[in-house]
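Given next are the chains, with one letter for each unit.
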Amino acid sequence: MSTVEAHVPALREIAENSNAWPFQEARKIVARLKKHPKDEVVFETGYGPSGLPHIGTFGEVVRTTMVRHAFRVLTDDKIKTRLIAFSDDMDGLRKVPENVPNREMMARHLGKPLSRVPDPFSTEHPSFGAANNARLRAFLDQFGFEYEFLSSTDCYTSGRFDATLLRVLERFEAVMDIMLPSLREERAQTYSPFLPISPHSGIVLQVPILAHDASAGTITYEDPDTKERVTTLVTGGRAKLQWKPDWAMRWVALGVDYEMAGKDLIDSVKLSGEVCRALGATPPESFIYELFLDERGQKISKSKGNGLTIEEWLRYASPESLSLFMYREPKAAKRLYFDVIPRHVDEYQQFLEAYERQDPKQRLSNPVWHIHSGNPPEPDMPISFSMLLTLVASSNAENAGTLWGFVGRYRPGVTPQTHPKFDALVRYAIHYFRDFVLPQKRFREPSEGERAALLDLREALAQLPADSTAEQIQQVVYEVGRREPFLDKTGKIKSKDGKPGVALDWFNMLYQVLLGQEKGPRFGSFVAVYGLKNTIEMIDGALARSA
């Protein structure tokens, strides 16, 4: 619990009435405890290491962490909580991912548990599952999440799941009655909740179960290679469950109280919940979130490698901006692609700045309160990310030193040493510009009327003192823009001084002609940072190009 929260006596009361979705979810868990009291609440997130970890995986952890913290506030932190990050690395490799090396080697291990498929990347890890688990854990550790990592393989082979597996075996028919109606007729004829693991090939076998013996703890099947009848224990990692019964078994064995799932798993959550009840337990509280989409509107996939990876987002933006993306509208489908990054970087800063001015009720609805577990840092960004991108575009900056030259002149005393987070933002801006803005940069030629307006703007800026403020420069930009064809004729654009408004076409033209981009930050602010002399030279360059 943060020190900030400790000094707000009414925090719990405010939280009990907050409309922020993490509190809405946490209240479900509080109600659950009233019906089923226990000393510890277990939160879980699941991860299938069949492909490289992606941002959707991180999203479940950060969102669940937000709900966990909200629960701690609602209960005055008097109930112990745990967050389990669970890896389904006992699943068989069904197909070789498209975005990994040594695909032919991996193809030779199809059907084996992911924890027994060799690592295609290096010899650093004992398996493909272990390699992906390590990547996920490294990222979660980087964010400072408090969690307990569990491997399905470890839980099966160590005996941790044995007691619950035997309960599934005891209630074999009840589980079958739940699962069979959900299957196609052909699959239903051979379906079994248990999948034996071949002692010869190591493959997770999709074979019918010929007999089961709850008292002996065994199942019997026909070996697909030798055609021999084989009887094996279901414990000790000799068999695993089909994934829907497996999910239910895990909830029971680990005592899970809360878990999120994507919209595509609605039916699976329902079926697993029924199996959980058949095992004599109560399913966890669930939260169904919408899916993340790539730039084409397709669901992102670990095996396809579409959408963004964790590493890619962090090349171009701060971890906090990624957390903001995850916080916002979890029940709405969202495009998870590069063009969403700049907006979330700047909006994170805007929320951070607003937090200082808000009362306790407003703060609990502010995303930064949930991102930082109730203790957000003070805002400390002298220039917005969109401004930095425009500075890079205007100066063709190839290094951070060039950008810091503009910043140092605009905000004396601000240096990489005094503002390390802003220094990181500078590097993000350079990366983003090089990879996405520069390839799309297109200058358009001004019309005759626009050329005349640019010449007037040049002369007006040349008359301003070198230390003019952003607001003084903006007023000059407005004044020059009050002409055809930029004069607002709708009457919808109001100016503070009562003068006619200026259409957005004026500002769009400035960025399209001068910078080769569709939009940018407030132009007066940009000129104040970039410098009057540099801006005049930029106008001269644009006019010369179109002469």
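Examining helix α14 (residues 319-327)
Alright, step 1. Most of α14 sits out of view: eight of its nine residues are buried.
Alright, step 2. Of all the positions in α14, only Glu320, Ser321, Leu322, Ser323, Leu324, Phe325, Met326 and Tyr327 are classed as buried.

Digging into the environment of Ala528
Alright, step 1. Within the secondary structure, Ala528 sits in helix α24 (residues 523-530).
Alright, step 2. In this structure the C-alpha to C-alpha distance between Ala528 and Gln472, which are 56 residues apart in sequence, comes to 9.4 Å.
Alright, step 3. Once you skip the residues sitting within four places of it in the chain, Ala528 turns out to touch Arg409, Tyr410, Ala470 and Ile473.

Some words on the pattern of salt bridges
Side chains that differ in charge, positive against negative, can pair when their charged atoms come close.
Alright, step 1. A complete count under the given rule lists 28 salt bridges for this structure.
Alright, step 2. The shortest N-O distance in the salt bridge between Asp76 and Arg12 comes to 2.7 Å. Placement of Asp76 in the loop between α4 (55-74) and β2 (80-87) and of Arg12 in helix α2 (residues 11-16) is noted, with a sequence separation of 64 residues between them.
Alright, step 3. Arg12 sits in the partly exposed class, given a relative accessible area of 33%.
Alright, step 4. One salt bridge connects Glu285 with Arg32, and the closest N-O pair in it is separated by 3.2 Å. Of this pair, Glu285 sits in strand β10 (residues 285-289) while Arg32 sits in helix α3 (residues 21-35); the two residues are 253 residues apart in sequence, bridging distant segments of the chain.

A word on the side chain of His370
Alright, step 1. Here His370 shows up in helix α17 (residues 367-371).
Alright, step 2. The class of His370 is buried, set by a relative accessible area of 3%.
Alright, step 3. If near-sequence neighbours (up to four positions away) are discounted, His370 is found in contact with Ala20, Pro22, Phe23, Met66, Tyr327 and Leu364.

Here we look at the sheet that holds strand β6 (residues 218-222)
Alright, step 1. Strand order across the open sheet formed by three strands is β5-β6-β7, with antiparallel pairing between neighbours. The open sheet has two edge strands with one neighbour each: β5 (209-213) and β7 (229-233). Direction aside, the axes of adjacent strands within the sheet are offset by 20 degrees on average.
Alright, step 2. Bridge count for β6 against β7 is five bridges, and the pairing is antiparallel. Each bridged residue has a counterpart across the sheet, and for Thr218 the counterpart in β7 is Leu233.

Rules behind the numbers
- For every chain, the first residue of the written sequence is number 1, and numbering continues from 1 onward in sequence order.
- The model is predicted, so local features are restricted to residues of pLDDT at least 70 and side-chain atom pairs to those at 80 or more, both for listing and for counting; the totals for chains, interfaces and linings are taken over all residues.
- Note: side-chain values were computed over all heavy atoms of the structure, leaving out hydrogens and water.
- We call a residue buried when its accessible area falls under 20% of the maximum for its residue type, exposed when it is over 50%, and partly exposed in between, using a 1.4 Å probe and counting protein chains only.
- Comment: elements are numbered from the N terminus, with helices defined as DSSP H or I runs of at least four residues and strands as E runs of at least two.
- In this analysis, two residues are considered to be in contact whenever any of their non-hydrogen atoms come within 4.5 Å of each other.
- Whenever a carboxyl oxygen of Asp or Glu lies within 4 Å of a side-chain nitrogen of Lys or Arg, that contact is scored as a salt bridge.
- Should DSSP find at least two bridges between two strands, the strands are taken to pair.
- For helices, the axis comes from a line fit to the C-alpha atoms of the stretch in contact; other axes are also lines fit to C-alpha atoms, and the angle between any two N-to-C directions lies between 0 and 180 degrees.

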